[in-house]
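So the chains spell out like this:
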Amino acid sequence: MGLIDRLDAGDPRALPRLLTLIENRDPAGLSALNVLYPRGGRAHVVGITGPPGSGKSTLVAALIAAIRASGRTVAVLAIDPSSPVTGGAVLGDRIRMMELHADPGVFIRSMASRGRVGGLAPAAAGAVAALDAAGFPIILVETVGTGQDGIDIITLAQTVVVVQVPGLGDGVQAIKAGQLEVGDLLVVNKCDLPGSETLARLLRQSAEDLGTEGWDVPVLPISAATGDGLPDLLGAIDRHRSYLLASGEGDRRSSAAASAAVMTGLRAAIERRIAAGSSEAIARLLDDVAARRMTPDSAVAGLLAALDRAPGSGHPVGDQRGG
Amino acid sequence: MTQPAPAAPGRPIRVLIAKPGLDGHDRGAKVLTRALRDAGFEVVYTGLFQTPEMIASAALQEDVDVIGLSILSGAHLALFPRIMEALRARGLDDVLVVAGGTIPGEDIPVVRDMGVAAVFGPGTSFAEIVEFLREHAPARDDAA
Ligand SMILES: Nc1nc2c(ncn2[C@@H]2O[C@H](COP(=O)(O)OP(=O)(O)OP(=O)(O)O)[C@@H](O)[C@H]2O)c(=O)[nH]1
Ligand SMILES: [Mg+2]
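Just so we're clear, the structure is a prediction, and the values are computed from it rather than from any experiment.

A. Here's a closer look at the pairing of strand 4 (residues 96–101) of chain B. All names here are of chain B. Taking burial as the measure, the six residues of strand 4 include five buried ones, the bulk of the element. Pairing geometry for strand 3 (residues 66–71) and strand 4, over six bridges, is parallel. Across the sheet, residue Val-66 finds its bridge partner in strand 4, namely Leu-96. Once the chain exits strand 3 it traverses helix 3 (residues 76–89) before rejoining the sheet at strand 4, and the crossover so formed is right-handed. Alignment of strand 4 against strand 5 (residues 118–120), held across three bridges, turns out to be parallel. In the sheet register, Ala-99 faces strand 5, and the bridge partner there is Val-119. Since strand 4 and strand 5 lie parallel, the crossover through helix 4 (residues 108–113) that links them has a hand, and here it is right-handed.

B. Structural context of the coordination of the magnesium ion (ligand 2). Residue and element names in this part refer to chain A. Those protein atoms acting as donors to the magnesium ion (ligand 2) are Ser-57 (OG), Asp-93 (OD) and Glu-142 (OE), and they sit at 2.1 to 2.2 Å. Counting gaps between the donor residues of the magnesium ion (ligand 2) yields the pattern S-x35-D-x48-E. With Ser-57 in helix 4 (residues 56–69) and Asp-93 in the loop between strand 3 (89–91) and strand 4 (106–112), this pair connects stretches of sequence that are 36 residues apart. Owing to a relative accessible area of 7%, Ser-57 belongs among the buried residues under this scheme. Exposure remark for Asp-93: the relative accessible area of 8% places this residue in the buried category.

C. Highlighting the site of ligand 1. All names here are of chain A. Around ligand 1, the surrounding shell holds 19 residues, and the nearest of these are Lys-56, Ser-57, Thr-58, Arg-96 and Asp-192. Between ligand 1 and Gly-53, the relevant distance is 3.1 Å, taken from an oxygen atom to a main-chain nitrogen or oxygen of the residue. At 3.0 Å from an oxygen atom of ligand 1 is found a main-chain nitrogen or oxygen belonging to Ala-224. Protein burial of ligand 1: of its 660 Å² of free accessible surface, 73% is covered by the chains. Broken down by element, the shell around ligand 1 gets its largest block of residues, three residues, from helix 4. Taken together, the residues of the shell around ligand 1 break down into five nonpolar, eight polar and six charged.

D. Structural context of the sheet that holds strand 5 of chain B. Pairing in this open sheet of six strands is parallel, and the strands run 3(A)-2(B)-1(B)-3(B)-4(B)-5(B) from one edge to the other. If you trace the sheet from one side to the other, it starts and ends with strand 3 of chain A together with strand 5 of chain B, each paired once. Within the sheet, the average angular offset between the axes of one strand and its neighbour, ignoring direction, is 25 degrees. Contacting strand 1 (14–18), strand 2 (42–45) and strand 3 of chain B, helix 2 (residues 52–62) of chain B crosses the sheet at an angle of about 165 degrees to strand 1 of chain B. The sheet contacts of helix 3 of chain B involve strand 3 and strand 4 of chain B, and relative to strand 3 of chain B the element is tilted by about 160 degrees.

E. Broad picture of the interface of chain A and chain B. Between chain A and chain B, the residue contacts involve 40 residues of the former and 43 residues of the latter. When the two sides are added together, the surface that chain A and chain B hide from each other amounts to roughly 3,500 Å², 50% of it contributed by carbon and sulfur. Run the count over chain A and chain B and you get seven salt bridges. In this structure, the salt-bridge partner of Glu-62 of chain B is Arg-94 of chain A, at a minimum N-O distance of 2.7 Å. At the boundary of chain A and chain B, one finds 18 residue pairs in polar contact (both at pLDDT 80 or more).

F. Local environment of the packing of aromatic side chains. All names here are of chain B. All chains considered together, the criterion is met by three aromatic pairs over all chains. Residues Phe-120 and Phe-132 carry aromatic rings whose centres are separated by 5.7 Å and whose planes lie at 80 degrees to one another, so their mutual orientation is edge-to-face. Note that Phe-120 is positioned in strand 5 and Phe-132 in helix 5 (residues 126–136), a separation of twelve residues in sequence. Of the two residues, Phe-120 and Phe-132, neither departs from the other in class, the shared state being buried.

G. View of the confidence of the model for chain A. Averaged over every residue, the pLDDT of chain A is 88; the share at 70 or more is 91%. Taken together, the stretch residues 313–323 of chain A has pLDDT below 50 and engages in 29 contacts with residues farther than four places along the chain or on a different chain.

H. Fine view of helix 3 (residues 27–36) of chain A. All names here are of chain A. Buried residues of helix 3: Ala-28, Gly-29, Ala-32, Leu-33 and Leu-36, and no others. Down the axis of helix 3, the buried set is contained in an arc of 140 degrees. They therefore lie on one face. The secondary structure elements touched by the buried residues of helix 3 are helix 1 (3–8), helix 2 (14–23) and helix 5 (124–133).

I. Local environment of the packing of helix 8 (residues 230–247) of chain A against helix 9 (residues 249–276) of chain A. Residues and elements named next belong to chain A. Viewed as axis vectors pointing N to C, helix 8 and helix 9 meet at an angle of 90 degrees, and their least axial separation amounts to 5 Å. When the axes of helix 8 and helix 9 are compared, the pair comes out roughly perpendicular. The segment helix 8 lies against helix 9, with His-240, Tyr-243, Leu-244 and Ser-247 engaging Glu-249, Gly-250, Arg-252 and Arg-253. Its residues assigned to classes, the contact of helix 8 with helix 9 comprises two nonpolar, three polar and three charged.

Basis of the calculations
Residues numbered from 1 in each chain as written. Chains lettered and ligands numbered in written order. Predicted model: local features only at pLDDT ≥ 70, side-chain atom pairs only at ≥ 80, totals over all residues. Heavy atoms only, no water. Buried < 20%, exposed > 50% of the residue type's maximum accessible area, 1.4 Å probe, protein only. Helix = DSSP H or I, 4+ residues; strand = E, 2+ residues; numbered from the N terminus. Pairing = 2+ DSSP bridges. Right-handed = clockwise from strand over helix to strand, strands pointing away. Donors = N, O, S within 2.8 Å, 3.2 Å for Na, K, Ca; no water. Near = heavy atom within 4 Å. Polar contact = N/O pair within 3.5 Å; in protein donor to acceptor, adjacent residues only side chain to side chain. Areas by Shrake-Rupley, 256 points an atom, 1.4 Å probe, with all protein chains shown as cover. Nonpolar A, V, L, I, M, F, W, Y, C, P; charged D, E, K, R; others polar. Axes fitted to C-alpha atoms, helices over the stretch in contact; angles between N-to-C directions. Contact = heavy atoms within 4.5 Å. Buried area = accessible area lost by both parts, 1.4 Å probe. Salt bridge = Lys/Arg side-chain N within 4 Å of Asp/Glu carboxyl O. Phe/Tyr/Trp six-rings, centres within 6.5 Å; stacked < 30°, edge-to-face > 60°. pLDDT = per-residue confidence, 0-100. Arc of directions from axis to C-beta. Parallel < 35°, antiparallel > 145°, perpendicular 65-115°, else oblique.

Written as structure tokens, this is what we have:
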């Protein structure tokens, strides 16, 4: 029996296996997505982003409990960085969620960023599509702990929760740029620690400039550790979902997400084809740029021309095991 | 000490590192976790005090190739059969299970009989562990 049939039959091993195949761009995973993708589009995808150590995973664990208490099942995709040098990764987000293991209504998957910058992983969108198709009404995506540049989550989540904590950096200056702007909700976590009121006040000032017609960005003090403020947070997440559906903003975001997914995929595909193509010709181009015989732009034009000539090439070759 | 060579590009091996039982020493497990990362593995680290059910459920959802159990409490003879049983109950018979920590020599055959593929004692080099995992991680052949 194929994995999709096993998924439909309720085999608990099917979804994890499908996610692995999707993550590895295995042809079987890509063809599974052809079946799964059209089934999706129902889940509320919620991004949880914020600096390293701000309590994202602890918050996800607390949110899971609140979501379960509201009678819904929930899936989590938790992303941690891959080492750019070795390609390996320590996936540690799950530590905070281990207590939830006995609940069949909770599915948690860790994923390495595998070279992608911006807070997500190359296969994050594919994995979310599979979790969506598997029927989870709400999917939490924890990004890599990032500073200002980790804003790719807006291409995947309908609702973005930005987590901030007191005592990081020098006040608003540290948080003003980039990341706040992608937040539909701003959370001040660790409100059991000193400084959280000041931070919440500063964030409320910034939040006045954020938001869209019909949605004021709330600033919510919580403690993921004690559970303080968690019901309010889930309430605000659900309210944002209703706002998206009622206002048409949800449709606008879906179109933007679709276009971002295609562009990201296109970029990755071009990189793979370049990597699989005639490396000698590419090396010559790069040499020419380094020696200033050619501009980077001309090299790009050369590479694009080479792409037109290269035979179609798809999937990464080679396997680590048995080698 | 020499680092193991980074893995060739391709599908990284996924490993779950867990500390079953009640001893609170996770330094060894953390050091091994980082060494495996440096060798190109993707390592799900699950922390201290894991029950057999927690380990098996995480291994299932994370679809790992390998489970590494780190144990210093001396409770391996009690814990390992329960862990293996929890894995079997979820159909995870094909996952490679290895163990490290303080397991006395006379217990090693017993533990291996339970289905633990290798026991890495305190002196084992990371390179040796990496080699073993690369060689023995189960092959896969999935159809969607
Ligand atoms: N005092 C206090 N500590 C917290 C709270 N939430 C999380 N922490 C602690 O903050 C530390 C980091 O928590 P994580 O949940 O791992 O943070 P994270 O943002 O997921 O970290 P990365 O994934 O590594 O970026 C841990 O020691 C948590 O126990 C909170 O509400 N109050
Ligand atoms: Mg985390």
